[in-house]
Each structure stands twice: as C-alpha cells, then as structure tokens.
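What follows is the residue order along each chain.
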Amino acid sequence: MDEAGWNTAPKAVRNVLFIMCDQLRADHLSCYAPGSVLRTPHIDRLARMGVRFDRAYVNSAVCGPSRASYYTGRYPLSHRVTWNRVPHPIDEQYLGDYLAQAGLGCWLLGKTHHVPDPAGANARRFQIQTEGADRFWQGGFTPIERYDGHFEMGKESEYREYLQARGYDSDRPWEDYVIGSLDAQGQPASGWYMRNAPLAARVLAQDSETAYFTQRAMDFIADKGDEPWVLHLSFIKPHWPYKAPAPYNDMFGPEDATAPLRAQHERERTHPVHAAYQQHEESLSFAQDEVWRTVKPVYMGLVKQIDDEIGRLLEMLEQQGRLDDTLIVFSSDHGDLQGDHWLGEKEYFFENAVRVPLIVVDPRAQANTTRGQSSAAFVDCVDVTPTILDALGLPARPHRIEGCSLLPLLHGDSDWVRDFTVASLDYAYREARQFLGRGVNECHGLMLRDADYKYIHWQGYRPQLFDLRQDPDELHDLGADPGLETVRRRMKDALFDWKDGLKGRASESWPDVEDRTNAHERMMNILIGRW
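1. With respect to helix α2 (residues 63-72)
Inference 1: Most of α2 is tucked away, with ten of its ten residues classed as buried.
Inference 2: Regarding α2, the residues found buried are Cys-63, Gly-64, Pro-65, Ser-66, Arg-67, Ala-68, Ser-69, Tyr-70, Tyr-71 and Thr-72.
Inference 3: Where α2 is buried, its residues meet β1 (15-22), α3 (76-79), α4 (95-101), β7 (230-238), β8 (326-332) and α15 (384-391).
Inference 4: Looking at the residues trailing α2, positive phi occurs at Gly-73, about 75 degrees.

In structure tokens, the structure reads:
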C-alpha cells in the first residue's frame, strides 16, 4: 500500500462503472467550483481518487447526439445522429458491441436516448439473431432497466410497478407523484410548470428516480459478486422537469443561486442564430429574474441528491472491495444554460452548455502518481469508449473510433496531442430555424475552441468569435471585428482540417487498407497502365 492507502501491487481492471448525469453543469460540483454554496463531497471524493478534467467537452450539447458520441467514440458528423430521436444508423457500432466481440456484457440502468432504425433494417432485409437482438436494438447495451424519463411510463415499466407497489396509487404515477406536487391549497401542481419547482415532489426521496436507480445499481453489483461487469448507470437528473423530493426541494434558496452570465447588448446587437434562440419559450422564461431565481435552487437540490446517492454507491463498492478493481467514469451528456446569454436549455456553444464534468478513476498502481490532480488537457466525450476499451485491454479500433484513450493522462504521460475541442449543432428541428426562414438542410453549426479563442461557424451566416483570455464569460462576439480576420481564418482552417480527418471509411481496418494498397499488382491478369 502507498501512503494514500492505494494498493501498489499490479492489478487488472475487472469492472467498469460509467456514471452519466443528464444536463449537469460542471460549475455545480464543489470540486469544480470550490467556493460554491453547493457542496458535493462524494463526487469530490471521486476527484480525489482519480483525475478531474477541467477542459472536458461534449461534441454536441443535445442529449441524443452527445450520448451517441459517448457510446460510439465518434463525432456526430460521423455517427450521423444529429438530434434527439434521430434513428441511429444500423451500421454504427457501440461500446457494448465492442465488448460483446470480446465476450463481455455491457449492462444499462437508466437513460440512453438511443433510437433504433427498424426501417433501415427492414429495407435491407436484415434478420437479427435472437441472441444479440437486445444489444442491436438498444445501442449495444443489455438493459437491466432502460428509463429515458421526461414522460409517463408504460405499463411494462419496472419503475412504474415499483411505485405502485410502494403505495403511489395512480394510473400516472410519474405525472402525479414523481414530478407532481400539491400546492398550498392541497391541489395538484404539475412539475411541468417551472413556477411549481420549489414545491416538493409527492414521491419520497428514497423512491425518486435518482435513488431508485442507484439502489438497482447496488443490487446488480452485489449480485455479480466476483464476476466481472461493465455497468452504465445513467441518471435522468438534474434534467427538467425541475422537480425534487423533500428535503432537496428547499435545501437552497434564491440567495444561493448565481445570476446568469449575460449582458444587455446580447439582446440588442447579436448574431442572427443567437437572436433566434432567444425567442424560444424557455429562453423568454429564463430571461425573467423570477424564473431563474425559482428554478436554480431546485436544480442545486437535484445535484445534491445525486451526490448523496453516489455516496451510498461508493460506500457499498468499498465494502464489497470493488474500488480496487473498478474503473469509474463520471460525466454528463451536456450542461444547462439557465438564463446564460438570455438562453434556456442547452444546445448552443456557450461554455455552460458544452463544458461538462469528467472524472476518471483508474484503481491500478500506474495511476497513483496522478490521483487527486486536475488536468487542463482538452478532452472530449468521444474519449470515454476508447478509455474503457483500453482499461480492459481490448483493441482500440482506430479505423472507427475517433476519440483517444485517457489512460496515458491518468498514468502521468504528458504527451497529449489534442489542443482544441470541436462540437456541432443541427438546429433544423428547432423553432429557431423557422424564425430564420432556413431550410431543413441549412442549419449546421460547428465550434472549435482552443486555449485562447472560441470560433463558431454558422452555415449561411457570419461566424462568431470569442476571445476567452479577455472575455472568459463570452459576452463580446468578435466575429465581425476586422482586426481579427487572421484569427478567424486560422480557426476556420483548423476546423476544416479536423473535419478532413473524420473516419468515414469505417468498414475496413487500417491493416486491411495497408494490405490492399496497390493490391492489383498481386492479382493475376490485372495490368493497369502497363506499356
């Protein structure tokens, strides 16, 4: 054992726990924001056990494409899931598929936002074998219980059955209890209305979504015993509806919430796409001080509950001896703007939407030198799948996977080649497109952010540019500043050089290509260009 109590003997990673939150801002964790009123000691403990990445970014600030990038290790331009509920192309492979090829399972508890493509399978007359059907239709996962939240559960839902067995007597237990409240007069008050956010959910904290799925994860791990496992525990919170059970609904007040990052000139003189997004209903709501002062304290309470539940989970892992052989990854699929830049929701390329928490804990002795450290390296959500494969000793599939394993950074190797991060947005499905009068194939945005600048390319419009050294809050758009044309050209060139490096040829490995280079010379009776 070393001085910190970590085992220094060689040991393999046998298990993987991949925890994802939904719509969690990095600045709401005390390991990322030490001065915050909101304390998250158990997630902070994870950071002390591993490495906290301070420049971790999603490659799309929308649930569906972001999660597809986490699970495939590929950027949205490659996996082609550009918005929520866009069917995932049938030729894509996921973390669970790579694990299955090595004889390993990949279990799911919670949300994935994966939408299969039965129309594509039927058009090509695919016949899916029964043995791998679940994995094929569920994006590589074997569901213990899939739960995407945000709507009433079907009658087959295990969580629905659990709630009804616990005495929540309703045909709509999610609407009536999980996001439902009672007002001062004892009348139902729906969590869909943000004005009702401070009212406690009618469900007890131990029966809420976060606690329920934590307990299911603990039961799964206990049942596995010494058998290896890979588990994706995917919480639905702190995503809207912003509804928390007691005591988390009123742990914090408006005085604890930070005001949105915004300036008046962003409303009066702004980029056309930004202006269109400000017209969305959620943006108009969060522009009102009353709204963010009502919602933010409840959001903080939801984060506090996640931290408490992770504390329960870590205690159980420690008791079971699983902290010694389990790789732990903690992250979020995107952030939440909550009034920043006069916007609600996420999607846009501002920091609190695209920057996310990412903590990776490698239990092996090779990672002892970096424990408790933070890293300023630019890392992307596409790096999670290759990191898990690397930790389990599985091949990296470099002809398909566009991310990089983070293990070298955890093992003290400072030779990290990425000096920027990239994200994309397809806003064709949003009302902003209609406000702007754009066609459905005219709504593409790309972001490149390096240590000094953030450059945003908008199809059909001038770019945006932010000087992050002088303006870290991104309040001053320099996209039309004539003095920065050289910077914009450099950033655009870097963005499209990156685009040229995407891995569209994913059906053959690199050794296959090497083997078939100039292969016609080895074929009989094929002479091309011979005199």
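2. Quick notes on the sheet that holds strand β12 (residues 444-450)
Inference 1: The strand order across the open sheet built from four strands is β11-β12-β13-β14, with neighbouring strands paired in antiparallel fashion. Each having just a single partner strand, β11 (420-426) and β14 (464-467) make up the two edges of the open sheet. If you compare each strand with its neighbour and ignore which way they point, the axes differ by 10 degrees on average.
Inference 2: As judged from the five bridges shared by β12 and strand β13 (residues 453-458), these two strands associate in the antiparallel manner. Looking at the pairing, Gly-445 lines up with Trp-458 of β13.
Inference 3: The sheet contacts of helix α18 (residues 485-500) involve β11, β12, β13 and β14, and relative to β13 the element is tilted by about 70 degrees.

3. Remarks on the pairing of β14
Inference 1: Neither face of β14 is left uncovered, since the one carrying Gln-464 and Phe-466 and the one carrying Leu-465 and Asp-467 both have all their residues buried.
Inference 2: Alignment of β13 against β14, held across four bridges, turns out to be antiparallel. In the sheet register, Ile-456 faces β14, and the bridge partner there is Gln-464.
Inference 3: Hairpin geometry of β13 and β14 is characterised by an intervening segment of five residues between the two adjacent antiparallel strands and by a positive phi of about 85 degrees at Gly-460.

4. A short note on the environment of Phe-126
Inference 1: Positionally, Phe-126 belongs in the loop between α5 (118-123) and α6 (133-137).
Inference 2: Accessibility expressed as a relative area gives 36% for Phe-126, which makes it partly exposed.
Inference 3: Counting along the chain gives 96 residues from Phe-126 to Ala-222, while the straight-line C-alpha distance between them is 38 Å.
Inference 4: Those residues within four positions of Phe-126 in sequence are excluded, and the remaining contacts are Ile-90 and Ala-121.

5. Describing the pairing of strand β3 (residues 107-110)
Inference 1: Here β3 runs beside strand β4 (residues 142-146); their pairing, made up of four bridges, is parallel. Across the sheet, Gly-110 pairs through a bridge with Arg-146, a residue of β4.

6. Here we look at the side chain of Asp-426
Inference 1: Here Asp-426 lies in strand β11.
Inference 2: Despite its burial, Asp-426 remains without a salt bridge, the nearest opposite charge being carried by Arg-433 at 7.6 Å.
Inference 3: Engagement of the side chain of Asp-426 in a polar contact is seen with the side chain of Thr-82, the distance being 2.8 Å.
Inference 4: Of note is the side chain of Asp-426, whose polar atom sits 3.1 Å from the backbone nitrogen of Ala-428.

7. Overview of the sheet that holds β3
The pairing of strands in a sheet happens through backbone hydrogen bonds and is either parallel or antiparallel.
Inference 1: Overall, mixed pairing links the eight strands, which are arranged β4-β3-β7-β1-β8-β9-β2-β10 in an open sheet. Looking at which strands have only one partner, the edges of the open sheet turn out to be β4 and β10 (373-380). On average, each strand axis in the sheet is inclined to that of its neighbour by 15 degrees, with strand direction left out of account.
Inference 2: Across six bridges, the pairing between β1 and β7 is parallel. By the bridge assignment for β7, Asp-22 is matched with Pro-238.
Inference 3: Across the sheet, helix α9 (residues 209-224) lies against β3, β4 and β7, angled at about 170 degrees from β7, the strand it touches most.

8. Digging into the packing of helix α1 (residues 41-49) against helix α13 (residues 289-320)
Inference 1: Following both chains from N to C, one finds α1 and α13 inclined at 55 degrees, their axes separated by 7 Å at the closest point. In terms of orientation, α1 lies oblique with respect to α13. Residue-level contacts link Pro-41, His-42, Ile-43, Arg-45 and Leu-46 of α1 to Lys-304, Asp-307, Asp-308, Ile-310, Gly-311, Leu-314 and Glu-318 of α13.
Inference 2: When the residues that make up the contact of α1 with α13 are grouped by side-chain class, the tally is five nonpolar, two polar and five charged.

9. Focus: the packing of aromatic side chains
Inference 1: Taken as a whole and judged by the stated rule, the model has 27 aromatic pairs.
Inference 2: A ring pair is formed by Tyr-71 and Phe-141, whose centres lie 5.0 Å apart and whose planes are at 85 degrees; its orientation type is edge-to-face. Taken together, the residues span a long stretch of sequence, with Tyr-71 in helix α2 and Phe-141 in the loop between α6 and β4 at a distance of 70 residues. By the burial criterion, Tyr-71 is buried, and Phe-141 matches it.
Inference 3: Where Phe-349 meets Trp-458, the ring centres are 5.6 Å apart and the plane angle is 50 degrees; that geometry is what we call tilted. Of this pair, Phe-349 sits in the loop between β8 and α14 (351-354) while Trp-458 sits in strand β13, placing them 109 residues apart in sequence. The burial state of Phe-349 is the same as that of Trp-458; both residues are buried.
Inference 4: Each residue in the set Tyr-277, Tyr-348, Phe-349, Phe-350, Tyr-427, Trp-458 and Phe-466 is aromatic and connected to the rest through ring pairs, giving one cluster.
Inference 5: Geometry around Tyr-177 places Arg-202 over its ring, the cationic atom sitting 4.3 Å from the centre.

10. Observations concerning the environment of Glu-175
Inference 1: Relative to the elements of secondary structure, Glu-175 occurs in helix α8 (residues 173-178).
Inference 2: The residues touching Glu-175, leaving out its near neighbours within four places in the chain, are Glu-152, Gly-180 and Trp-192.
Inference 3: Among the polar contacts made by the side chain of Glu-175, one reaches the side chain of Trp-192 at a distance of 3.4 Å.

11. Things to note about the pattern of salt bridges
Inference 1: If you walk through the whole model with that rule in mind, you get 39 salt bridges.
Inference 2: Residues Arg-25 and Asp-340 are paired through a salt bridge, measuring 3.2 Å at the closest nitrogen-oxygen approach. Within this pair, whereas Arg-25 is found in the loop between β1 and α1, its partner Asp-340 is found in the loop between β8 and α14, the two being separated by 315 residues in sequence. An identical accessibility class is assigned to Arg-25 and Asp-340; each is buried.
Inference 3: Salt-bridge contacts for Arg-146 lead to Asp-148; the nearest nitrogen and oxygen are separated by 2.7 Å.
Inference 4: The class for Asp-148 is buried, based on a relative accessible area of 16%.
Inference 5: Because the salt bridges share partners, they merge into one network encompassing Arg-74, Arg-80, Asp-91, Glu-92 and Arg-400.

Criteria and cut-off values
Residues numbered from 1 in each chain as written. Predicted model: local features only at pLDDT ≥ 70, side-chain atom pairs only at ≥ 80, totals over all residues. Heavy atoms only, no water. Buried < 20%, exposed > 50% of the residue type's maximum accessible area, 1.4 Å probe, protein only. Helix = DSSP H or I, 4+ residues; strand = E, 2+ residues; numbered from the N terminus. Contact = heavy atoms within 4.5 Å. Pairing = 2+ DSSP bridges. Axes fitted to C-alpha atoms, helices over the stretch in contact; angles between N-to-C directions. Lys, Arg positive; Asp, Glu negative; His and termini not counted. Salt bridge = Lys/Arg side-chain N within 4 Å of Asp/Glu carboxyl O. Polar contact = N/O pair within 3.5 Å; in protein donor to acceptor, adjacent residues only side chain to side chain. Parallel < 35°, antiparallel > 145°, perpendicular 65-115°, else oblique. Nonpolar A, V, L, I, M, F, W, Y, C, P; charged D, E, K, R; others polar. Phe/Tyr/Trp six-rings, centres within 6.5 Å; stacked < 30°, edge-to-face > 60°. Lys NZ or Arg CZ within 6 Å of the ring centre and 35° of its normal.

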